[in-house]
Amino acid sequence: EFTAAGAAGVINLSVGVSPTAALTAAINNAIANDVVIVAAAGNFRGNPDPDLAALSVEPLFPANYASLGAQNVLAVGATDSSNAIASFSHLAGDAIDFFVTAPGVDITSTTNDGGTGQKSGTSMAAPVVAGAAAVLRQMFPSLSASEIVSLIATTAEDLGNVSADQLFGQGLID
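Now for a quick tour of the structure. Being a predicted model, the structure only gives us computed values, none of them experimental.

1. Things to note about the environment of Ala102
In step 1: Mapped onto the secondary structure, Ala102 falls in strand S4 (residues 99-103).
In step 2: By relative accessible area, Ala102 is classed as buried at 0%.
In step 3: Separated by 37 residues in sequence, Ala102 and Tyr65 have C-alpha atoms that sit 19 Å apart.

2. Considerations on the pattern of salt bridges
In step 1: Applying the stated criterion across every chain, the model contains one salt bridge.
In step 2: Two residues, Arg137 and Asp34, come together in a salt bridge whose shortest N-O distance is 3.1 Å. Within this pair, whereas Arg137 is found in helix H4 (residues 122-139), its partner Asp34 is found in the loop between helix H2 (21-32) and strand S2 (36-40), the two being separated by 103 residues in sequence.

3. Examining the pairing of strand S3 (residues 73-79)
In step 1: The buried fraction of S3 amounts to seven of the seven residues, a majority that puts the element mostly inside the structure.
In step 2: Residues Val73, Ala75, Gly77 and Thr79 of S3 are buried on one face, and the alternating residues Leu74, Val76 and Ala78, pointing to the opposite face, are buried as well.
In step 3: Strand direction decides the pairing type here: S3 and S4, joined by five bridges, are parallel. In the strand pairing of S4, Val76 is matched with Val100.

4. A look at the sheet that holds S2
In step 1: Read across the sheet, four strands follow the order S1-S2-S3-S4 without closing on themselves; strand pairing throughout is parallel. Every other strand in the sheet has two partners, leaving strand S1 (10-13) and S4 as the edge strands with one partner each. The sheet shows a mean angle of 30° between the axes of neighbouring strands, taken without regard to direction.
In step 2: Two elements, S1 and S2, share four bridges in a ladder whose sense is parallel. Following the sheet pairing, Val10 is matched in S2 by Val36.

5. What to know about the nonpolar core
In step 1: Ranked by size, the top nonpolar core spans 42 residues in total, and within it Val36, Val38, Val76, Val100, Val129 and Ile152 carry the most contacts.
In step 2: Mapped by element, the contributors of at least two residues to this core are S1, H2, S2, S3, S4, H4 and helix H5 (145-154).
In step 3: By residue number, the principal contributor to this core is H4, which donates six residues.
In step 4: Not counting the four nearest positions on each side in its chain, Ile152 is found in contact with Leu74, Val100, Val129, Ala132, Ala133, Leu136 and Ile173.
In step 5: The next biggest cluster of nonpolar side chains, apart from the first, holds five residues, and it includes Ile85, Leu159, Phe168 and Leu172.

6. Re H2
In step 1: Compared with the 16 Å implied by 1.5 Å per residue over 12 residues, the 16 Å span of H2 between its first and last C-alpha is a close match.
In step 2: Two residues or fewer past H2, Asp34 is found with a positive phi of approximately 60°.

About the criteria used
Per chain, the residues get numbers from 1 upward, laid out in the order the sequence is written. Only residues with pLDDT of 70 or above have their local features reported here, since the model is predicted, and side-chain atom pairs are shown and tallied only from 80 upward, although totals for entire chains, interfaces and linings are computed over all residues. The side-chain quantities take in all heavy atoms of the structure and omit both hydrogens and water. Going along the chain from the N terminus, every DSSP run of H or I of four or more residues is numbered as a helix, and every run of E of two or more is numbered as a strand. Any residue under 20% of the maximum accessible area for its type is buried, any over 50% is exposed, and the rest in between are partly exposed; the area is computed with a 1.4 Å probe on protein chains only. For salt bridges, the criterion is a side-chain nitrogen of Lys or Arg within 4 Å of an Asp or Glu carboxyl oxygen. For two strands to be treated as a pair, DSSP must find no fewer than two bridges joining them. Only the stretch in contact is used when fitting a helix axis, every axis being a line fitted to C-alpha atoms; angles between N-to-C directions are given from 0 to 180 degrees. Among the buried residues, those of types Ala, Val, Leu, Ile, Met, Phe, Trp, Tyr and Cys that are joined through side-chain atoms within 4.5 Å form a nonpolar core. Working rule for contacts: check all heavy atoms of both residues, and any pair within 4.5 Å makes them a contact. What a helix is expected to span follows from its residue count: subtract one and scale by 1.5 Å.

Shown next as C-alpha cells:
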C-alpha cells in the first residue's frame, strides 16, 4: 500500500496471478497516484496444456491492465538474443499501445541459494523496462506516469510488422 500510494514512482510486477481484491485495489491506487506500473506479460505461450497456451494471446493479470486502457501501465513481453519473441512469452494482443519487449532469455540473475544463474521469462524482461522508467522518473520528475509510459513505448525499436503489432506491441525497449 505504501508503494502504491505514490511513495515509489515505479512499480515492477513480475507476477502472473489470479486477480485478488487486495492486489486489484493496490494497482488501482497506484494508477490513481500517478505511479508507473511495469508488469510481466506471462509465460504460457507454447505450453503443452491447450487451456494455458490459449491464454497467451493477451497479457495476464496484472499486465492485462495495459489492454484495458490504463495509460500508466506497461505490459512486457520477452525477446531472445536474436530479438525474436521468446517461445514462451505472451503476446501484445489488444495491449498494442502499452506493450513493449525486452531481453528475457538466459538472463543472469540471483538464485535462492545466494548465487547466480541463468533464468528466462517475462519476469526477467520486466525489470529492464522498470529500470528505464525509474531512470526517466529521476531525470524528468515533472513527467507524469502516462508520459513516461508513452516515451518508453514510442521510442521502442520496431520489431516484426511495420509499426505496432499484436506480437511485439510497440517493439523492443530502446
